[in-house]
Amino acid sequence: MTAARDRGAPVAPVRGLTVLYDAECALCRHVRDWLAGQPKLVPVELVAAGSAEARGRFPGLDAPRTLDEVTVVGDAGQVYRGARAWIVVLWALREHRPLAHKLSTPTGMRFARGAVLAAAKYRERQWGGRRTYRRADGWRYDPSAGWVHNSQSCSDGSCPTG
């Protein structure tokens with residue numbers, strides 16, 4: 001009986017997930033696109049971490065932290081981070097639920113943490129070791145200051161007029 005049921009379902013059933021991903025990270029966008037194409041057992045929404053939508057939907061979440069580590073929010077307010085976030089996302093996917101159950105064991109969790117650490121190292125190399133995220137439109141995210149727009153001086157007439 002237990003093997004056929006999802007772990008913890010009677011306590012807090014998950015009927016939908018929102019994955020907060022770093023829209024400025026090539027690896028994160030690749031995973032977002034992969035997730036979007038996967039057959040799902042549970043609906044999965046993909047929202048850019050730190051975006052106005054994410055801040056509006058989840059005002060209690062620490063926006064800088066959602067950019068630093070993958071964060072998944074369940075429809076009943078459950079918050080999963082890091083390896084647990086990846087496991088719950090795999091659990092929502094039809095073809096990967098058995099893997100999620102394997103990764104949720106103590107041995108599997110060590111493997112999942114290793115995968116998350118490898119992704120974090122890749123992202124750190126992508127950002128050149130700096131913790132400030134920069135966007136092409138002039139906005140940057142600095143953990144100590146939040147989102148800041150780098151406005152240019154238009155004294156030389158070089159500012160775009162939109």
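The coordinates are above.
Presented here is a report on the structure given in the accompanying data block. (Residues numbered from 1 in each chain as written. Predicted model: local features only at pLDDT ≥ 70, side-chain atom pairs only at ≥ 80, totals over all residues. Heavy atoms only, no water.)

Some details on the pairing of strand E3 (residues 71–74)
Judged by which residues are buried, E3 turns out to be covered on both faces: Thr-71 and Val-73 on one side and Val-72 and Gly-74 on the other are all buried. Sheet analysis places strand E1 (residues 17–21) next to E3, joined by four bridges and oriented antiparallel. Along E3, the bridge assignment pairs Thr-18 with Val-73. As paired strands, E3 and strand E4 (residues 79–81) are joined by three bridges and run antiparallel to one another. Note that in E4 the partner of Val-73 across the bridge is Val-79. Between the end of E3 and the start of E4, which pair antiparallel, lie four residues, with Gly-77 showing a positive phi angle near 95°. (Buried < 20%, exposed > 50% of the residue type's maximum accessible area, 1.4 Å probe, protein only. Helix = DSSP H or I, 4+ residues; strand = E, 2+ residues; numbered from the N terminus. Pairing = 2+ DSSP bridges.)

Focus on the packing of aromatic side chains
The description of an aromatic ring pair rests on the distance of the ring centres and on the angle between the ring planes. What the rule picks out here adds up to zero aromatic pairs. We note Arg-97 situated over the ring of Trp-91; from NZ or CZ to the ring centre the distance is 4.0 Å. (Phe/Tyr/Trp six-rings, centres within 6.5 Å; stacked < 30°, edge-to-face > 60°. Lys NZ or Arg CZ within 6 Å of the ring centre and 35° of its normal.)

Focus on the nonpolar core
Counting 22 residues, the largest nonpolar core has Leu-17, Val-19, Leu-35, Val-72, Ile-87, Trp-91 and Ala-92 as the members making the most contacts within it. Elements supplying a minimum of two residues to this core: E1, helix H1 (26–36), helix H4 (82–92), helix H5 (97–103) and helix H6 (106–126). What Leu-17 contacts, discounting residues up to four positions off in sequence, is Val-42, Pro-43, Val-44, Glu-45, Val-72, Val-73, Gly-74, Val-88, Val-89 and Ala-92. Core analysis: the next-biggest nonpolar cluster, separate from the first, contains eight residues, Ala-54, Phe-58, Leu-61 and Val-73 among them. (Core = buried A, V, L, I, M, F, W, Y, C linked by side-chain atoms within 4.5 Å. Contact = heavy atoms within 4.5 Å.)

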